[in-house]
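# Structure at a glance
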Amino acid sequence: MRRRRIVTAGITVAAVGLLAAVTLPAVAGDDPTDGDPGTATGQPAGTDGQPSAAHDDLVAALRRDLGVSAADARTRLATERWATRTVDVLRADLDAAYAGAWISRDGADLVVAVTDPAQLDRVRAAGAEARLVARNQQQLTGVKERLDRVGDAASPDLAGWYVDLADNTVVLLARPGAQPAARDFAAAAGVPADAVRVDASDEAPVPLFDVRGGDPYFIGAGGRCSVGFSVVGGFVTAGHCGRPGDTTTGFNQQAQGVFRASSFPGDDWAFVAVDDDWTPQPVVNDFNGNNLPVAGSVEAPVGASICRSGSTTGTRCGVIRAKDVTVNYPEGAVSGLTRTDVCAEPGDSGGAWLSGDQAQGVTSGGSGNCRTGGVTFFQPLAEILQVNNLTLVTTEDGAAPPTGAPTAVPTAAPTQPADPPQSPCAGHTVLRDGELTRAGGRQTQPDGRFFRAGAGRHTACLQAPAGAAFRLTLQRFTADGWRTVAWGDRAGATVTRLSFSGPAGAYRYRVQSGRGVGGYLLGFSVN
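Residues numbered from 1 in each chain as written. Predicted model: local features only at pLDDT ≥ 70, side-chain atom pairs only at ≥ 80, totals over all residues. Heavy atoms only, no water.

Turning our eyes to something else, we now look at the overall build of the protein. On a plain count of helices and strands, the protein comes out with six helices and 31 strands. Within the protein, the proportion of its 527 residues that are buried is 50%. When contacts within the protein are restricted to residue pairs at least 6 apart in sequence, long-range pairs at least 24 apart make up 64% of them. When the accessible surface of the protein is split by element, carbon and sulfur atoms take 50% of a total near 23700 Å². (Helix = DSSP H or I, 4+ residues; strand = E, 2+ residues; numbered from the N terminus. Buried < 20%, exposed > 50% of the residue type's maximum accessible area, 1.4 Å probe, protein only. Contact = heavy atoms within 4.5 Å. Areas by Shrake-Rupley, 256 points an atom, 1.4 Å probe, with all protein chains shown as cover.)

Below you can see the structure in the form of structure tokens.
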């Protein structure tokens, strides 16, 4: 562990009463969502079954987003709690006659659908509105499952499909003008025409598993910290948040990644490698509805303004006061930190520090809080990147724009942690890895789906296992379905390259094993 010139900070980070210093390296408490400004969570009801005072924030959110009064919001919450219990009972009692349940648009009533007229009074006796329909829930689910089984053949103009309980049908969402193709898709799946409804929609869904600086993540059994900055393959954060091998879940409580490297005390940094469901983005959440762009990592001087983003207190700003500071935490001394007059609190640990659009470091610890003020220290980013051979994801690397969804997958940041500088395919905008486990097996990339691209030149590189024969093809969606438009130039070689100039449209890559098995790396770009 590298040591630095010591400039002793005049505090000891320890709790000493109500106005005590806050020891940020002690990760936040047992409730992983406590104080998280980006997470709305329900609290336990009071002993009388009514909402407790902790529901005030939820009521305020309903007033804001649903446009209702506080009284109507509380009534709605009470109705929904009652409805949840009632539906559980009716679902069991009605058995095969049950066709689903939903809350009315105004939030005042529970509606329960049945296929047996003899069960209407049973529903009304439970206090719900009864509706007679043609298909039970099992039949509706069966229709959707038929569509799911042939989902890989769906046109990119088909945004998705779902069960509409109130209409007693399965709805397909198609781009305007593509409704006939959606009906053909349903017919090819063996679905009766009267069991589906096709709606025109401009929806273009994209995964919402983005890695953003400042967002909360949870470690193991529930400790919470904050994301620092996106790097190729994951993100950086504070070392005291976890140890190598510790698993993480994201802001949405979905499996996210694992700590690959960590150092604390002495230093206070860590690297978390994320799985393929998460895309590191060059942005920081300001907890005010905006994404702040990360354009680079030029170090700001003492006296420069600086802002910190964390999942407990959101975004707070101040000034850099000193560099190369050693802080004597209860767990041990950490040197090389930067001192600021910005406040922070537990759970903000690991969060991002920005000076303008330049990444500076990740939150380590501090003294005080955001009610009475204090000081906070951050671990400079340069050392984290250098020691761990990491690459910061920035807006100037061709990554996704700081706000909104990317218009095409080729503008997304690389997401693979597999030592890209050592791979001949690493220079491409998008990297995806996979594994073929049998001869003849194939996979679709990116991520089993497709991407949209404007007119331009497609280039790709496939690195396959030594001795294996893997074929790479590029397909474009046409009026006749998916059609192969380009082939790799050296099918079966360890490294295969592909080039194709084509019009705007929806594209996908196919990797297929002609001989051998093993892992591969695919890189591709559109220029």
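Turning to the pairing of strand β13 (residues 255-263), a few remarks are in order. The pairing of strand β12 (residues 247-249) with β13 spans three bridges and is classified as antiparallel. Bridging across to β13, threonine 248 finds its partner in glycine 257. As consecutive antiparallel partners, β12 and β13 are separated by five residues, and within that stretch glutamine 253 has a phi angle of approximately 65°, a positive value. As paired elements, β13 and strand β14 (residues 269-274) share six bridges and run antiparallel to each other. (Pairing = 2+ DSSP bridges.)

Taken as a whole and assessed by the stated rule, the structure comprises four disulfides. With a sulfur-sulfur separation of 2.0 Å, cysteine 425 is cross-linked through a disulfide to cysteine 461. Across the disulfide from cysteine 425 to cysteine 461, rotation about the S-S bond amounts to roughly -60°, and the bridge is consequently left-handed. Taken together, the residues cysteine 425 in the loop between α6 (381-388) and β23 (430-436) and cysteine 461 in strand β26 (residues 456-463) connect sequence positions 36 residues apart. Its relative accessible area of 0% is what places cysteine 425 among the buried residues. Cysteine pairing for the protein (bonded cysteines numbered in sequence order): 1-2, 3-4, 5-6, 7-8. (Disulfide = S-S within 2.5 Å.)

Our focus in this paragraph is the sheet that holds strand β17 (residues 305-310). The sheet built from six strands closes into a barrel, its strands ordered β17-β18-β19-β22-β21-β20 with antiparallel pairing. This sheet shows a mean twist of 55° between the axes of neighbouring strands, independent of strand direction. Bridging between strand β20 (residues 352-355) and strand β21 (residues 358-369) involves four bridges; their strand directions are antiparallel. Each residue of the ladder has a partner; that of tryptophan 353, found in β21, is glycine 361. Across the sheet, α6 lies against β21 and β22 (373-380), angled at about 30° from β22, the strand it touches most. (Axes fitted to C-alpha atoms, helices over the stretch in contact; angles between N-to-C directions.)

What follows is about unusual backbone geometry. If a residue is not glycine, its phi is most likely negative; likewise, a peptide bond is most likely trans. With an omega of -10°, the peptide bond between phenylalanine 264 and proline 265 qualifies as cis. Residue proline 446 is bonded to the preceding glutamine 445 through a cis peptide linkage, with omega at 10°. As for its placement among the helices and strands, proline 446 is situated in the loop between β24 (442-445) and β25 (451-453). The backbone phi angle of aspartate 324 is positive, close to 55°, even though this residue is not glycine. Position of aspartate 324 relative to the elements: it lies in strand β18 (residues 314-329).

What follows concerns the sheet that holds β13. One open sheet holds the seven strands; their spatial order is β9-β8-β12-β13-β14-β11-β10, and the pairing between them is antiparallel. Two strands close off the open sheet at either side, each with one partner strand: β9 (223-226) and β10 (229-231). In this sheet, adjacent strand axes meet at a mean angle of 35° when their direction is disregarded. In this sheet, β9 lies alongside strand β8 (residues 216-219) in antiparallel orientation, the contact comprising four bridges. Paired with phenylalanine 218 across the two strands is arginine 224, which belongs to β9. Lying on the sheet, α6 is in contact with β10, β11 (234-237), β13 and β14; it crosses β14 at an angle near 60°.

The next thing to look at is the nonpolar core. Counting residues in each nonpolar core, the largest one holds 20 residues, and the members touching the most others are Phe470, Leu472, Tyr509 and Leu522. Mapped onto this core, the elements with two or more residues apiece are β23, β25, β26, β27 (469-478), β29 (495-502), β30 (505-515) and β31 (518-526). Sequence-distant contacts of leucine 472, that is, excluding residues within four places in its chain, are made with Ala460, Leu462, Ala486, Trp487, Gly488, Thr496, Leu498, Tyr509, Arg510, Val511 and Leu522. Membership of the second largest hydrophobic core comes to 18 residues, among which are Ala261, Trp269, Val284 and Val362. (Core = buried A, V, L, I, M, F, W, Y, C linked by side-chain atoms within 4.5 Å.)

With that settled, the discussion passes to the pattern of salt bridges. For the coordinates displayed, the defined rule picks out 16 salt bridges. The partner of arginine 131 in a salt bridge is glutamate 129, with the nearest N and O atoms 3.8 Å apart. The exposure class assigned to glutamate 129 is partly exposed, which follows from its relative accessible area of 38%. One salt-bridge network, held together by shared partners, links Asp164, Asp167, Arg197 and Asp199. (Salt bridge = Lys/Arg side-chain N within 4 Å of Asp/Glu carboxyl O.)

We now examine the environment of alanine 113. Tracing the backbone shows alanine 113 in strand β2 (residues 110-114). Residue alanine 113 is classed as buried on the basis of its relative accessible area, which comes to 0%. For alanine 113 and glycine 100, which are 13 residues apart along the polypeptide, the C-alpha to C-alpha distance reads 5.5 Å. In contact with alanine 113, not counting residues within four places along its chain, are Ala97, Tyr98, Ala99, Gly100, Trp102, Arg131 and Val133.

The subject of this paragraph is helix α4 (residues 137-149). Relative to the 18 Å expected for 13 residues at 1.5 Å per residue, α4 spans 18 Å between its end C-alpha atoms, a close match to the ideal helical length. Within the sequence span of α4, burial applies to Leu140, Val143 and Leu147. Angular distribution of buried residues about the axis of α4 spans 60°; they occupy a single face of the element. Exposed and oriented more than 90 degrees from the buried face of α4 are Gln138 and Arg149. (Expected span 1.5 Å × (residues − 1). Arc of directions from axis to C-beta.)

Let us look at the confidence of the model for the protein. Chain-level statistics for the protein give a pLDDT mean of 79 and a share of 82% at 70 or above. Highest mean pLDDT in the protein belongs to β11 (97); lowest belongs to helix α1 (residues 56-66) (74). Confidence drops under a pLDDT of 50 for residues 1-54, and excluding neighbours within four residues, the segment shows 117 contacts in the predicted structure. Taken as a whole, residues 398-421 scores under 50 in pLDDT and shows 68 contacts with residues more than four places along the chain or in a different chain. (pLDDT = per-residue confidence, 0-100.)

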